[in-house]
Amino acid sequence: MSTIDSLAQSFMKFPGIGTRQAKRFVYFLLAQNPYYLDTLAREIAELKKTITQCTGCFRYYPRVGESSLCSVCVDDADSATLMIVEKDTDFDSVRRSGSYAGRYFILGGTIPVLERDPASKIRIHELLARVEEGASDGLSEIILALSANPEGDFTRDYILKALTPLAARLGMTITTLGRGLSTGTELEYSDGDTLRHALKNRC
Ligand SMILES: [Zn+2]
């Protein structure tokens with residue numbers, strides 16, 4: 001197999017990338033200067049060495065020292081609220097909006113409707129453990145901030161079923177972002193105003 005084909009196969013593992021796009025990426029790279037390719041190769045090689053996953057919220061962040069927690073989990077801004085988002089890019093959107101000052105938990109995906117093994121698709125066990133742990137840290141509200149589409153709704157229902165008994169036992173409330181987010185909206189595409197509105201109207 002030529003390097004063109006093997007590199008194209010690597011690109012086909014990327015989300016949403018098919019054969020044609022994968023090939024286009026390879027030919028794009030072939031047309032670039034060596035400096036660009038060297039920088040890209042170095043950044044890819046450095047990625048796992050410099051970026052680590054937080055053991056508190058499961059987001060990726062630049063490793064600093066020996067701590068296994070990211071800065072958002074360490075600073076004690078507001079440990080009373082925990083916002084559950086699907087992925088790192090959703091975390092980025094909410095942070096950028098500046099409308100929320102509490103803690104986060106990254107689910108790591110959503111559950112496809114009709115999925116037979118929902119627990120394998122999201123960090124449900126880790127979430128339950130995190131909520132239990134939060135009890136000693138003053139956690140009183142869990143905010144579900146999932147996409148307003150069928151998969152987001154299905155995931156929300158699954159989480160509610162798993163989380164409600166625990167939250168009730170620990171005296172915590174579970175809220176959902178207001179539907180200022182129009183139906184079909186992915187959280188990561190929401191602008192700051194929409195997010196602020198959705199947060200204010202959570203129920
Ligand atoms: Zn964290």
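No experiment lies behind these values; they were computed from the predicted model shown. (Residues numbered from 1 in each chain as written. Predicted model: local features only at pLDDT ≥ 70, side-chain atom pairs only at ≥ 80, totals over all residues.)

> How do you make sense of the domain arrangement of the protein chain when you look at a structure like this?
Often, the extent of an interface is quoted as the loss of accessible area upon association of its parts. As assigned here, the protein chain comprises domain 1 (3-52) and domain 2 (76-200). Computed over C-alpha atoms only, the centres of domain 1 and domain 2 are separated by 32 Å. (Domains from an automatic or database assignment.)

> What is the right way to read the nonpolar core from this model?
Nonpolar side chains in soluble globular proteins generally cluster together in the buried interior. With 33 residues, the main nonpolar core has I84, V85, F105 and A145 as its most contacted residues. Top element by residues in this core is strand β3 (residues 81-85). It accounts for four residues. Setting aside chain neighbours within four positions, we find I84 in contact with F105, L107, L127, I142, I143, L144 and A145. (Core = buried A, V, L, I, M, F, W, Y, C linked by C-beta atoms within 7 Å. Buried ≥ 20, exposed ≤ 12 C-beta atoms within 10 Å, placed from the backbone. Helix = DSSP H or I, 4+ residues; strand = E, 2+ residues; numbered from the N terminus. Contact = placed C-beta atoms within 7 Å.)

> Is there a simple way to think about the environment of I159 in this case?
Here I159 lies in helix α7 (residues 150-169). C-alpha separation for the pair I159 and L144, spaced 15 residues apart in sequence, amounts to 8.9 Å.

> How should helix α5 (residues 88-97) be read in this particular structure?
Since one α-helical turn is 3.6 residues long, residues separated by three or four positions face the same way. When we look at burial in α5, the residues that qualify are D90, F91, S93 and V94. Angular distribution of buried residues about the axis of α5 spans 160 degrees; they occupy a single face of the element. Looking at the buried positions of α5, the neighbouring elements they touch are β3, β4 (103-106) and α8 (192-200). Backbone geometry just after α5 places G98 at a positive phi near 65 degrees. (Arc of directions from axis to C-beta.)

> I tried to follow the packing of α5 against α8 on my own but got confused; where do I start?
Pairs of packed helices are described in terms of their axes, by the angle between the two and the distance that separates them. One can describe the packing of α5 onto α8 by two numbers: an axis separation of 9 Å at closest approach and a directional angle of 90 degrees. The orientation of α5 with respect to α8, classified from their angle, is roughly perpendicular. Contacts between α5 and α8 involve S93, V94 and S97 from the first element and G192, L195 and R196 from the second. Within the contact of α5 with α8, the residues separate by chemical class into two nonpolar, three polar and one charged. (Axes fitted to C-alpha atoms, helices over the stretch in contact; angles between N-to-C directions. Parallel < 35°, antiparallel > 145°, perpendicular 65-115°, else oblique. Nonpolar A, V, L, I, M, F, W, Y, C, P; charged D, E, K, R; others polar.)

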